[in-house]
Structure formats: C-alpha cells, structure tokens
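So you can see what is in the structure, the chains are spelled out below.
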Amino acid sequence: MASTFINGTAPGGGYALTASRLQVWYGDFHAVSDVNLEVPTHRITAIIGPSGCGKSTILRTFNRMNDLVDVARVEGSVHYQGVDIYGPDVDPVEVRRRIGMVFQKPNPFPKSIFENVAWGARIHGYKGDMEQLVEESLRRVVLWDEVKDKLSQSGLSLSGGQQQRLCIARAIAVQPDIVLMDEPCSALDPIATLHIEELMRDLAAQYTIVVVTHNMQQAARVSDYTAFFSVISETRTGELVEVGPTDRIFDSPEDPRTNDYITGRFG
C-alpha cells in the first residue's frame, strides 16, 4: 500500500479527507446516513451534535477503525491522497499509521514513558534515531520538560492530562498526516483541557486534526470548521446537517436544527 499513497498534501483543493455518500450500519441498525464531508488540510475540523448522532462512528470510518467491529458495515467512500481507503487493495494497518487516533480516555500502555512513544514507530519499522524521535514527539506535545528525567517510569504514573499528551505523542511518533481525536478532553479537568486545546492549535500547523467533542465551547475555541450532526427521529439514524467555517456555524447557521442545538433548545 505504501506505493499507493504519496507524501504531502492531498489533491482535491487542499482537502485531507473527502467522504462521499458515506453510510454505516451496525447489523440491521442504520447508524449514519449519506455523509458528504470534506476535511481541509492543516486545519481543525470539529464534529458536534447530540448523543447518538454518529459523531464517533463517522470519525472511526476515517481510519477504518470500524473494521474492528464485527457487525459494522460501511458503504460509500473516503478518499485520502486521491485513494479510496476502502478500496480492495488498501491495507487498513497502513491507513491507521497515516491517520492516527487519540481516544476519549487516556490509554497509555503499561510500559515506560519512552516505550509508549517508541512502540508504534518500532512496529512500523522505523530505522532512524529512536531517542531523537521520542524526544521530538514529547517536545511537540509540550511534555518533554516534565518527563525527560523519568523516561523509564511507567506511563501510567503520569497525571490524566499528561497521559493524554503522552498518547498524542505516541500517535504522532509514527509520522501521520492526520490525527483523529474522539472527545480527547472529556476525562480531564479544566486545566488539563486547556493544555490539550492549546496543543491542538499548535499541532494544526503540521497535522490535519478532526476532533469529536460534546463541548460546543471547545469546538468554538479550537476549530476552524465545524460539522453538525443530528438524529433522524423516526429511525435514530445520524445525519450530517451542515458544515462550514466555525464562526459561521455558531453565528449564523443555515439550518434551524443547528441553531436550536447551539442555543440549547434541544440536545
């Protein structure tokens, strides 16, 4: 698969990912219907909406994490660097290297801080200076100065906010193009949340970031673009209502459902 992709910006007007007529089922349940969404390169795109609208489901289609769910079925396409990642010749493991994921709850491995960062790069065959890679990755997430004298200690010994930054360092150590974040601050206190939000803004200079968040204030603070999802009441199927620059979505949404959600009338 490595020869299928090229390095650099995805073609198609500066979009890192383009989802077309994307639909997801879990068994007989139609979870998300007919999503068409373009994710701009080197920007932060937030996905917001009420519980059960398919936010995390859609995020997981962007790096084929839903493949790991036996009853999940995906239709439509997701193009990355001009290639449909659901094509028959595409290796999902390589997709997940290039499109990394940070989860809701910090999940460091029961290994040393050093090995937490080095592990993914090592299994993907990294041949460079591992110590330098670990240091650079930890510096990018503003964690190096806090842990440089205890790299042999367990990653589980860190605070919740530090653990989440460690998980982000682990994700970027494999040198992805895109980082997906599934409610990365929901388990953190306000100070740790602020650190992660500042980090996201810094990382957007080098990576494309897509973040699912239930916190509308967070979406307004950190994202450049926002996609609002809602639920079709009759079927409980999630649908994309509208997407656009974050300022417009929050200040003058085009769809009344978006306005109702943002103003707290439902959700």
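Counting restarts for each chain, with residues numbered from 1 along the sequence as it is written. Totals for whole chains, interfaces and linings use all residues, but because this is a predicted model, local features are given only for residues with pLDDT of at least 70 and pairs of side-chain atoms are given and counted only at 80 or more. Note that water and hydrogens are dropped before the side-chain values are worked out from all heavy atoms of the structure.

For two strands to be treated as a pair, DSSP must find no fewer than two bridges joining them. Under the scheme used here, helices are H or I runs from DSSP no shorter than 4 residues and strands are E runs no shorter than 2 residues, and both carry numbers assigned from the N terminus. With respect to topology, 10 strands assemble into an open sheet ordered S5-S4-S1-S2-S10-S9-S3-S8-S7-S6, the strand pairing being mixed. Unpaired on one side and paired on the other, strand S5 (83-84) and strand S6 (99-102) mark the two borders of the sheet. Here strand S1 (residues 15-26) pairs with strand S2 (residues 29-40) via eight bridges, running antiparallel. Counted as the bridge partner of Tyr26 is Phe29 from S2. Together, S6 and strand S7 (178-182) form the strand contacts of helix H6 (residues 160-173), whose direction differs from that of S6 by roughly 170°. Those strands touched by helix H7 (residues 190-203) are strand S3 (44-48), S7 and strand S8 (208-212), and its axis lies near 150° from that of S8. Any pair of residues with heavy atoms lying within 4.5 Å of one another is described as a contacting pair. An axis is simply a line fitted to the C-alpha atoms; with a helix, the fit covers only the stretch in contact. Between two such axes, the angle follows the N-to-C directions and lies from 0 to 180 degrees.

Bringing the side chain of Gln164 into the picture now. In this structure, Gln164 sits in helix H6. Note on Gln164: relative accessible area 0%, which makes it buried. When sequence neighbours within four positions are dropped, the list of residues in contact with Gln164 reads Val102, Phe103, Gln104, Pro106, Pro184, Leu188 and Ile196. Each residue's exposure class comes from its accessible area (1.4 Å probe, protein chains only) as a fraction of the maximum for that residue type: buried when under 20%, exposed when over 50%, partly exposed otherwise.

Each salt bridge in this description consists of a side-chain nitrogen of Lys or Arg and a carboxyl oxygen of Asp or Glu lying within 4 Å of one another. Following the criterion strictly, the structure yields 15 salt bridges and no others. As a salt-bridge pair, Glu146 and Arg165 come within 3.0 Å of each other at their nearest N and O atoms. Here Arg165 lies in helix H6 and Glu146 lies in helix H5 (residues 144-147), a separation of 19 residues in the sequence. Taking relative accessible area as the criterion, Glu146 reaches 35% and is therefore assigned partly exposed. Using a relative accessible area of 8% as the deciding quantity, one classes Arg165 as buried. Note that Arg248 and Glu254 form a salt bridge whose closest N and O atoms lie 3.7 Å from each other. Among the ionic contacts, a cluster of salt bridges with common partners joins Glu94, Arg97 and Arg98.

Our next topic: the nonpolar core. Buried together is how nonpolar side chains tend to be arranged in soluble globular proteins. In this structure, Leu138, Ile168, Met181 and Met200 are the most contacted members of the largest nonpolar core, which totals 47 residues. The greatest single-element share of this core, amounting to six residues, is contributed by H6. When sequence neighbours within four positions are dropped, the list of residues in contact with Met181 reads Leu59, Val102, Ile168, Met200, Ile209, Val210, Val211 and Val212. Nonpolar cores were defined as sets of buried Ala, Val, Leu, Ile, Met, Phe, Trp, Tyr and Cys residues, with membership established by side-chain atoms within 4.5 Å. In this structure, Leu59, Met65, Val78 and Ile85 belong to the second largest nonpolar core, which totals 32 residues.

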